[in-house]
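Below are the chains, spelled out letter by letter.
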Number of protein chains: 2
Amino acid sequence: MIDYKDLNKTDSFSKLKAIKPFDIKRKLNAKRIEGASIKEAGSLVYNYGAMPVDDETITVLQALADEQQLIEKYRALLGGEIMNTGEKRLVLHQLTRGRALDGLKVMADGVEKGEFYENELRKIKDFSDKVRSGQIKGSTGKEIKTVVQIGIGGSDLGPRALCYALNLIGEKDGCKKKLEARFISNVDPDDACAVLQGLDLESTLFILVSKSGTTQETLANRDLVFKFMEKSGIKGLVPQKHVVAVTSNTSPLANNPDILAVFFMDDYIGGRYSATSPVGGVILSLTYGFDVFKQILDGAHAEDKVALEPDIRKNGTLMDAMIGVYLRNVLGYPYTAVLPYSQSLHRMPAHFQQLDMESNGKHVNRFGKVLDYKTGPVIFGEPGTNGQHSFYQLLHQGTDIVPMQFIGFKEKEGNLDAENGGSTSQTKLKANLVAQIVAFACGRENSENPNKAFEGSRPSSVLVADRLTPFALGSILAHFENKVMFQGFVWNINSFDQEGVQLGKILAKKVLAGCEGDENLLAYSKLLGIDF
Amino acid sequence: MIDYKDLNKTDSFSKLKAIKPFDIKRKLNAKRIEGASIKEAGSLVYNYGAMPVDDETITVLQALADEQQLIEKYRALLGGEIMNTGEKRLVLHQLTRGRALDGLKVMADGVEKGEFYENELRKIKDFSDKVRSGQIKGSTGKEIKTVVQIGIGGSDLGPRALCYALNLIGEKDGCKKKLEARFISNVDPDDACAVLQGLDLESTLFILVSKSGTTQETLANRDLVFKFMEKSGIKGLVPQKHVVAVTSNTSPLANNPDILAVFFMDDYIGGRYSATSPVGGVILSLTYGFDVFKQILDGAHAEDKVALEPDIRKNGTLMDAMIGVYLRNVLGYPYTAVLPYSQSLHRMPAHFQQLDMESNGKHVNRFGKVLDYKTGPVIFGEPGTNGQHSFYQLLHQGTDIVPMQFIGFKEKEGNLDAENGGSTSQTKLKANLVAQIVAFACGRENSENPNKAFEGSRPSSVLVADRLTPFALGSILAHFENKVMFQGFVWNINSFDQEGVQLGKILAKKVLAGCEGDENLLAYSKLLGIDF
């Protein structure tokens, strides 16, 4: 029987708070570091050696995970229970990459959802194969060379981060041909303007992505693109033959004659969890080939399976989630920096920022009761080593402690490197990551000049994979998704709705309708030069 | 006589803490909003209507600014006083755009620094004119069409953010021809690999940027690029004729035969303040023309001048800085979100993140004494409306309050827009900004369903300019630079050094030397697959 309790009603939380804080500074050693690695899917390893937890803390974190029934709740979610309590919906994004619970069927809306997603996958494979082979061409007979995704939020950040991550992919990772991927997201017309300038429209395919089919930004950008195509004066160009959609089957985009093809997602996949659904699948399959997208799914699926392990010492995602709760609710840190040592992952922090903050930035529990403890932290980050020359100053010597989540790879992704001063760039990159973890944890005293002193005790963890392959990318994505899910269970919140976006939408409509007499909206509209 | 005191030793700070908190939620009205605009340079306006300060608070903030002698310290800085106390250096980045104190000369290293920077400007104009007109060509005789900046931290983020910001610039803003700008920063070889693939080397010019001429990442990337050019097999390609440098005149890059031209900065310009020096000037002048870069300088210079105003009610930068101190040290908020409603400014938050966190993420005062109050906050941000579909959920309904700094423009930058549902995209963009400010400030009650309730009282300010011109861009840049400077004066810290980056550098060298027996470094090196 699953029971839903607030964190501060659990016995384990009281125990957790009573534990004497563990200072990593004087406790870090080789044995501890080596013993703090947990193997996850494929080559992925989570290491928490530099986190302020000892065996006693971990035992209580296990008890808390058990008391909050995290694995049971995860299994219930996979089994089709209504986990999005606000919107009364199932939560099925894991199912887009396979059945984490072998053989389990999930019925909803009169269909078996696993089959529904598999069918969409077949459609994606078929369509992307035909576009990539030149069987489906643009309306003037040119082969498609560029795909432009028009979507915002979850329809943009995840797919974009994954596309950028695989930028250097080649034949050894199963990509025989690359199309160029571009993205239009912002309602700011300058976004579309920048992407459209210099584009060869005849060889471009646009992907409209909106679950509801009513997203203001996406419809505005669709109209901008159509207008631009119509004005281009290109003979024989038929805009409708250059547009496909990813939407739900109840949306206005679903049965639209002005569209070449439609791929379906559904209400059980939140935007921020949709990268492995057709939302990410169509553009990734077009850009790099369906096989590459399938490897991402396989990596995510394998990770979903290892996340079922109840033993926190054998489940890196669970450990990561529970340490995060400890950092947030006992040690009181209000943020976490996500720092990939991989330039290819440069937009992954922005995706994880949405994933985490939109899921767990909540003030009520799953029953709608206002909570009196902290939930999700602020997430931010940039790639290393770049960040070292930027905001790391504050992380090292600022007046607050910012926990860090590093990501690193043993090997480079592309095929270029060179020696300089006796080491390759890839080795330098890794040496810097190693150095930062130890510098943050151990610090360095300087009694003569405190300006050169480092207090240390800055906690961090690191996720390591052999190389940034599509499989590893899928695993890393799922690691963060499942971490966020587990933390939502601990906090007893609904991680799958986003009511916080509604008020802004309502007021924006009001402004566009002339402010309806609201003096604050009127005054700010005047400041921004909006004419009524 | 200038006196340097810690914040908590001032009389005004005690008064500030004693003020009864002002809740913006029920106090926002048209009169307040209209009265809270301060005109800055050009069309720039700073509005603090939705900040939790009333007239009483502002009076005490003025007293604190006076007591900490902010304007006197700014004037001393402009006059050449040693403001970078840690490194015993002058701080002269404002001088790169003109003399904010009319006629004031600044001598250092035996030269008058204003003339020194003016001379570099003339060199930049001459060189960029010749490249853009085709007088200087690549080594095989092709015109230069792409410029690639190789630099990291301040040699990357500011110049990159400015280059991206002006992406849509055209003739009406003084740009007659555009070259393409690219950037290589990370020591990760995949960064260079991604930029170099598909580049026409014969028509590419590289700009090496490193003040010391010894930056690990930049030298490694220089060697990668040279190797790539040598291996290209292009007949007649002479790599040295495709490389210029921006460095100090004492660096190993200064008198280097392997370089086409050298432009100088000096030790009085911190990396994060160097966007208006040759660090930003060379690439911006090559990409958009010297006249465009000059307009940026003019906008920054005009802003430097208005920042001299001692009356906080007439000095938007000072008001912004002092409200920030109130949010940080009295209300206790550990972060600020920077949210430009302009896709062209998409990398500006990353630049301001460095500017602020590297300058003011300090734990000692300017005399090296450890402080017992908070200094610089964590800065993060993404463009709106994108953020609305991402992390704004937490900003609206999370368990913490995150102050926000919006940036908006009345008109679009590019020349594309369309109507959809009765309004243009640009109007929608502005309507969303207006809506967010009011939604954050006022919230909305919902006693029946707390999940749909918005607490409100989320503070924000907004910077508004008519349009994102080069002049406005320069003004916005200088606004943030000067805000950070003023806050550093209030906190009595040195905002111009960065000792916090040193320990990581030392330990990275140690790793590359085989870890020198450090078991922690060895254990993490093993985890990352570094072979010794």
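Residues numbered from 1 in each chain as written. Chains lettered and ligands numbered in written order. Predicted model: local features only at pLDDT ≥ 70, side-chain atom pairs only at ≥ 80, totals over all residues. Heavy atoms only, no water.

Colleague: Is there a simple way to think about the pattern of salt bridges in this case?
Modeller: Working definition: two side chains of opposite charge can pair if their charged atoms are close together. Residues and elements named next belong to chain A. Under the definition given, this model contains 66 salt bridges over all chains. With its nearest N and O atoms 2.8 Å apart, the salt bridge here joins Lys113 to Asp266. Here Lys113, found in helix α5 (residues 113–133), pairs with Asp266, found in the loop between β9 (261–265) and α9 (278–288); they are 153 residues apart in sequence, far enough to count as distant. On the basis of relative accessible area, Lys113 is assigned to the buried category, the value being 2%. For Asp266, a relative accessible area of 5% gives the class buried. (Salt bridge = Lys/Arg side-chain N within 4 Å of Asp/Glu carboxyl O. Helix = DSSP H or I, 4+ residues; strand = E, 2+ residues; numbered from the N terminus. Buried < 20%, exposed > 50% of the residue type's maximum accessible area, 1.4 Å probe, protein only.)

Colleague: Which parts of the structure should I look at to understand the interface of chain A and chain B?
Modeller: As a measure of interface size, the accessible area lost when the parts come together is often cited. In this complex, chain A contributes 146 residues to the contact, which on the side of chain B involves 145 residues. Both faces combined, the contact of chain A with chain B buries some 12000 Å², and carbon together with sulfur accounts for 62% of it. Per-residue buried area on chain A facing chain B is highest for Leu416, Tyr524 and Leu528 of chain A; these three make up 7% of the total on that side. For the pair chain A and chain B, the number of links is ten salt bridges. The shortest N-O distance in the salt bridge between Lys526 of chain A and Glu34 of chain B comes to 3.9 Å. In terms of residue count, helix α14 (residues 425–442) of chain A provides more of the side of chain A that touches chain B than any other element does, 16 residues in total. When grouped by side-chain class, the residues that make up the side of chain A that touches chain B number 63 nonpolar, 53 polar and 30 charged. (Contact = heavy atoms within 4.5 Å. Buried area = accessible area lost by both parts, 1.4 Å probe. Nonpolar A, V, L, I, M, F, W, Y, C, P; charged D, E, K, R; others polar.)

Colleague: What should I look at first to understand unusual backbone geometry in this one?
Modeller: A negative phi holds for most residues other than glycine; trans holds for most peptide bonds. Residue and element names in this part refer to chain A. The omega angle of the peptide bond from Gly384 to Thr385 is 10°, so this bond is cis rather than trans. Looking at the element boundaries, Thr385 is found in the loop between β11 (378–380) and α13 (392–397). One non-glycine residue, Lys88, adopts positive backbone phi at about 55°. On the secondary structure map, Lys88 appears in the loop between α4 (70–78) and β3 (107–108).

Colleague: Help me understand the packing of aromatic side chains, please; the structure alone is not making it clear to me.
Modeller: In this description, a pair of aromatic rings is defined by centroid distance and the angle of the planes. This structure, assessed with the given rule, holds 29 aromatic pairs over all chains. Here the aromatic rings of Tyr74 of chain B and Phe486 of chain B are separated by 5.8 Å at their centres, their planes lie at 85°, and the arrangement is edge-to-face. In this pair, Tyr74 of chain B is assigned in helix α4 (residues 70–78) and Phe486 of chain B in helix α15 (residues 470–491), connecting sequence segments 412 residues apart. Accessibility expressed as a relative area gives 0% for Phe486 of chain B, which makes it buried. We note Arg366 of chain A situated over the ring of Tyr4 of chain A; from NZ or CZ to the ring centre the distance is 3.4 Å. (Phe/Tyr/Trp six-rings, centres within 6.5 Å; stacked < 30°, edge-to-face > 60°. Lys NZ or Arg CZ within 6 Å of the ring centre and 35° of its normal.)

Colleague: Explain the sheet that holds strand β12 (residues 404–409) of chain A to me, please; I cannot follow it from the model alone.
Modeller: Hydrogen bonds along the backbone pair up the strands of a sheet, which may run parallel or antiparallel. Residue and element names in this part refer to chain A. In space, the six strands of this open sheet follow the order β1-β2-β15-β12-β10-β11, with mixed pairing throughout. Because the sheet does not close on itself, it has two edges, and the strands there are β1 (37–39) and β11. Shown here is a sheet whose adjacent strand axes are inclined to one another by a mean of 20°, direction ignored. Lying on the sheet, helix α12 (residues 348–360) is in contact with β10 (335–340), β11 and β12; it crosses β11 at an angle near 170°. (Pairing = 2+ DSSP bridges. Axes fitted to C-alpha atoms, helices over the stretch in contact; angles between N-to-C directions.)

Colleague: Quick question: what am I supposed to make of the relation of the copies chain A and chain B here?
Modeller: Between the two chain copies there is a screw-like relation: a rotation about an axis and a shift along it. Note on the copies: chain A fits chain B at an RMSD of 0.0 Å, the axial shift is 0.0 Å, and the rotation between them is 180°. Look at the turn and shift together and you get a two-fold axis relating the two. Within chain A, Phe380 of chain A has its C-alpha nearest the rotation axis, a separation of 3.2 Å. Most of the interface of chain A is mirrored in chain B: 99% of its interface residues are interface residues there too. (Least-squares fit on C-alpha atoms with pLDDT ≥ 70 in both.)

Colleague: Explain the side chain of Gln68 of chain B here, please?
Modeller: All names here are of chain B. Along the chain, the position of Gln68 falls in the loop between α3 (55–67) and α4. According to the relative accessible area criterion, Gln68 is buried, its value standing at 0%. Reaching out from Gln68, the side chain makes a polar contact with the backbone oxygen of Lys5 at a distance of 2.9 Å. When neighbours within four sequence positions are excluded, Gln68 is seen to be in contact with Lys5, Asp6, Leu7, Thr10, Lys73, Phe489 and Val490. (Polar contact = N/O pair within 3.5 Å; in protein donor to acceptor, adjacent residues only side chain to side chain.)

Colleague: It is not clear to me how the pairing of strand β15 (residues 460–465) of chain B should be interpreted in this structure. Could you clarify?
Modeller: Here is the key point about a regular strand: its side chains alternate between the two faces of the sheet. All names here are of chain B. For β15, the tally of buried residues reaches six of six residues, placing the bulk of the element in the interior. The sheet contact formed by strand β2 (residues 45–47) and β15 spans three bridges and is antiparallel. Pairing of Tyr46 across the sheet is with Leu463, part of β15.

Colleague: What is the right way to read helix α11 (residues 316–330) of chain A from this model?
Modeller: All names here are of chain A. With 15 residues, α11 should reach 21 Å at 1.5 Å per residue; the first-to-last C-alpha distance of 20 Å fits that figure. Judged by how many residues are buried, α11 sits mostly within the fold: 14 of 15 residues are covered. Looking one or two places after α11, you find Gly332, whose phi comes out positive at around 80°. (Expected span 1.5 Å × (residues − 1).)

Colleague: Would you mind going over the confidence of the model for chain A with me for this structure?
Modeller: Should the pLDDT be low somewhere, the predicted coordinates at that spot are not to be read in detail. For chain A, the average pLDDT comes to 97, and 100% of its residues sit at 70 or higher. In the model output, the complex is listed with pTM 0.98 alongside ipTM 0.97. (pLDDT = per-residue confidence, 0-100.)

Colleague: Would you mind going over the sheet that holds strand β9 (residues 261–265) of chain B with me for this structure?
Modeller: All names here are of chain B. Taken in spatial order, the five strands line up as β6-β5-β7-β8-β9 in an open sheet, and their pairing is parallel. Two strands in the sheet have a free side with no partner beyond their single neighbour: β6 (180–184) and β9. On average, each strand axis in the sheet is inclined to that of its neighbour by 20°, with strand direction left out of account. Where strand β8 (residues 243–248) and β9 come together, five bridges link them in parallel fashion. Bridged to Thr247 within β9 is Phe264. Strands β5 (146–150), β6, β7 (204–209) and β8 of the sheet are contacted by helix α8 (residues 216–231), whose axis makes an angle of about 160° with β7.

Colleague: Looking at this structure, how should I read the environment of Phe486 of chain A?
Modeller: When the C-alpha positions of Phe486 of chain A and Thr317 of chain A are compared, they lie 8.4 Å apart, and in sequence the two are 169 residues distant. Ignoring any residue separated from it by four or fewer positions in sequence, one finds Phe486 of chain A in contact with Leu70, Ile71, Tyr74, Ala307, Thr317, Leu318 and Ala321 of chain A.

Colleague: Quick question: what am I supposed to make of the pairing of β7 of chain B here?
Modeller: Residue and element names in this part refer to chain B. Counting buried positions along β7 yields six of six residues, so the element is predominantly enclosed. Relative to β7, β5 runs parallel, the two being bridged by five bridges. Bridging across to β7, Val148 finds its partner in Phe206. Relative to β8, β7 runs parallel, the two sharing four bridges. Note on β8: the bridge partner recorded for Ile207 is Val244. Following the chain from β7 across α8 to the adjacent parallel β8, one finds a crossover that is right-handed. (Right-handed = clockwise from strand over helix to strand, strands pointing away.)

Colleague: Is there a simple way to think about the side chain of Asn420 of chain B in this case?
Modeller: Take Asn420 of chain B: it is sitting in strand β13 (residues 419–420). For Asn420 of chain B, a relative accessible area of 16% corresponds to the buried category. Beyond its immediate sequence surroundings of up to four residues, Asn420 of chain B is in contact with Leu219, Ala220, Arg222 and Asp223 of chain A together with Lys428 of chain B.

Colleague: Quick question: what am I supposed to make of the packing of α5 of chain A against α9 of chain A here?
Modeller: Angle between the axes and distance between the axes: these two values describe a pair of packed helices. Residue and element names in this part refer to chain A. Where α5 meets α9, the axes come as close as 9 Å, and the angle between the chain directions of the two elements is 30°. If you check the angle between α5 and α9, you find them roughly parallel. As for how α5 packs across α9, the hand of that crossing is right-handed. Between α5 and α9, the residues in contact are Glu120, Ile124, Phe127, Ser128, Val131 and Arg132 and Pro278, Gly281, Val282, Ser285, Leu286, Thr287 and Tyr288, respectively. Its residues placed into classes, the contact of α5 with α9 shows seven nonpolar, four polar and two charged. (Parallel < 35°, antiparallel > 145°, perpendicular 65-115°, else oblique. Left-handed = near helix turned anticlockwise from the far one by under 90°.)

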